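Analysis of the macromolecular model
The lines below spell out each chain.
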Amino acid sequence: KNEVEQSPQNLTAQEGEFITINCSYSVGISALHWLQQHPGGGIVSLFMLSSGKKKHGRLIATINIQEKHSSLHITASHPRDSAVYICAAGSNTGNQFYFGTGTSLTVIP
Amino acid sequence: NAGVTQTPKFRVLKTGQSMTLLCAQDMNHEYMYWYRQDPGMGLRLIHYSVGEGTTAKGEVPDGYNVSRLKKQNFLLGLESAAPSQTSVYFCASSYYPRRAYEQYFGPGTRLTVT
């Protein structure tokens, strides 16, 4: 049983398209994290949110606590957005932290 | 600031050999973590530390040992490498517990055990 499920697993988009990646989780959370893993392997934290919505440039993350669901949106996608996007849930009990398996995004020029 | 650095970046070991991976952070973070990443699986926690001199087991600790003698360094040791330990290893750090605070990741170490 996976505490964090992401969809889709793979996504190919044309440059300029609006992209949505979904994340569902089954645990109570302190915060929901979105990470980006570049093709070279490095991982960076994009967002951490516990309610509502956050925006950074062309990236928007939303969360619905009641439905235990989060989405990552990319507006006006660009080839440099090609990466693996990882959703992770920080549990509100103990020090548990659950990673999704990632969504591999390829943006074609 | 260098952030989180890992040494080495790549390594090939023969079964039974030992090695130590070094993680260093210059952000004065209390919490440090070692993860492994395997194809088709999410990042899995091997060991973690909540401060200098303390370590604790994560999800997949077998075959690994760790030490945190200095706040800025977190070492991961493989005493007798096995092919099942072929993986990409990431170190991360955070100022507060990762469940509610941002983690900073190192660039990763790709380890192959033959």
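Everything discussed here concerns the structure shown above.
Calculation notes
Residues numbered from 1 in each chain as written. Chains lettered and ligands numbered in written order. Predicted model: local features only at pLDDT ≥ 70, side-chain atom pairs only at ≥ 80, totals over all residues. Heavy atoms only, no water. Contact = heavy atoms within 4.5 Å. Buried area = accessible area lost by both parts, 1.4 Å probe. Salt bridge = Lys/Arg side-chain N within 4 Å of Asp/Glu carboxyl O. Polar contact = N/O pair within 3.5 Å; in protein donor to acceptor, adjacent residues only side chain to side chain. Helix = DSSP H or I, 4+ residues; strand = E, 2+ residues; numbered from the N terminus. Pairing = 2+ DSSP bridges. Axes fitted to C-alpha atoms, helices over the stretch in contact; angles between N-to-C directions. Buried < 20%, exposed > 50% of the residue type's maximum accessible area, 1.4 Å probe, protein only. Disulfide = S-S within 2.5 Å.

**Topic: the interface of chain A and chain B**
Counting from both sides, the interface comprises 19 residues of chain A and, opposite them, 16 residues of chain B. Summed over both sides, the interface between chain A and chain B buries roughly 1500 Å², with carbon and sulfur atoms accounting for 56% of that surface. Of all residues in chain A, A:Ile43, A:Asn95 and A:Phe99 give up the largest surface area on contact with chain B, accounting jointly for 39% of the area buried on that side. Taken together, the connections running from chain A to chain B amount to zero salt bridges. The interface formed by chain A and chain B holds two residue pairs in polar contact (both at pLDDT 80 or more) in total. Counting only elements with at least two residues in the side of chain A that touches chain B, the list comes to strand S4 (29-37), strand S5 (43-49), strand S9 (83-91) and strand S10 (97-99) of chain A.

**Let's talk about the sheet that holds strand S8 (residues 73-78) of chain B**
All names here are of chain B. Taking strand neighbours across the sheet as the criterion, the four strands line up as S1-S3-S8-S7 in an open arrangement whose pairing is antiparallel. Each end of this open sheet is capped by a strand with a single partner; those strands are strand S1 (4-7) and strand S7 (64-67). The mean angle between the axes of side-by-side strands here comes to 20°, regardless of whether they run parallel or antiparallel. Across four bridges, S1 lies against strand S3 (residues 19-25) in antiparallel orientation. Bridging from a neighbouring strand, threonine 7 pairs with leucine 22 of S3.

**Regarding unusual backbone geometry**
Of all residues except glycine, most have a negative phi; of all peptide bonds, most are trans. Omega for the bond connecting A:Ser7 with A:Pro8 falls within 30 degrees of zero, at -10°, which places this linkage in the cis form. The topology assignment puts A:Pro8 in the loop between strand S1 (4-7) and strand S2 (10-14). Of note, the bond from B:Thr7 into B:Pro8 is cis; its omega dihedral lies within 30 degrees of zero at -5°. Tracing the sequence through the fold places B:Pro8 in the loop between S1 and strand S2 (10-13). Positive phi, close to 55°, is recorded for A:Lys68, a residue that is not glycine.

**A short note on the pattern of salt bridges**
All names here are of chain B. Using the criterion set out here, one finds four salt bridges over all chains in the structure. Put simply, aspartate 38 and arginine 36 hold a salt bridge, and the shortest N to O gap is 2.9 Å. Using a relative accessible area of 9% as the deciding quantity, one classes arginine 36 as buried. With a closest N to O distance of 2.8 Å, aspartate 38 and arginine 44 form a salt bridge. One salt-bridge network, held together by shared partners, links Arg36, Asp38 and Arg44.

**Describing the state of the cysteines**
Within the structure shown, the criterion is met by two disulfides over all chains. A sulfur-sulfur distance of 1.8 Å marks the disulfide that ties A:Cys23 to A:Cys87. The sign of the -60° torsion about the S-S bond sets the A:Cys23-A:Cys87 disulfide as left-handed. With a gap of 64 residues between them, A:Cys23 in strand S3 (residues 19-25) and A:Cys87 in strand S9 connect regions that are remote in the sequence. At a sulfur-sulfur separation of 1.9 Å, the disulfide partner of B:Cys23 is B:Cys91. Taking the sign of the S-S torsion, about -75° here, the bridge from B:Cys23 to B:Cys91 comes out left-handed.

This is a description of form; function is not addressed.
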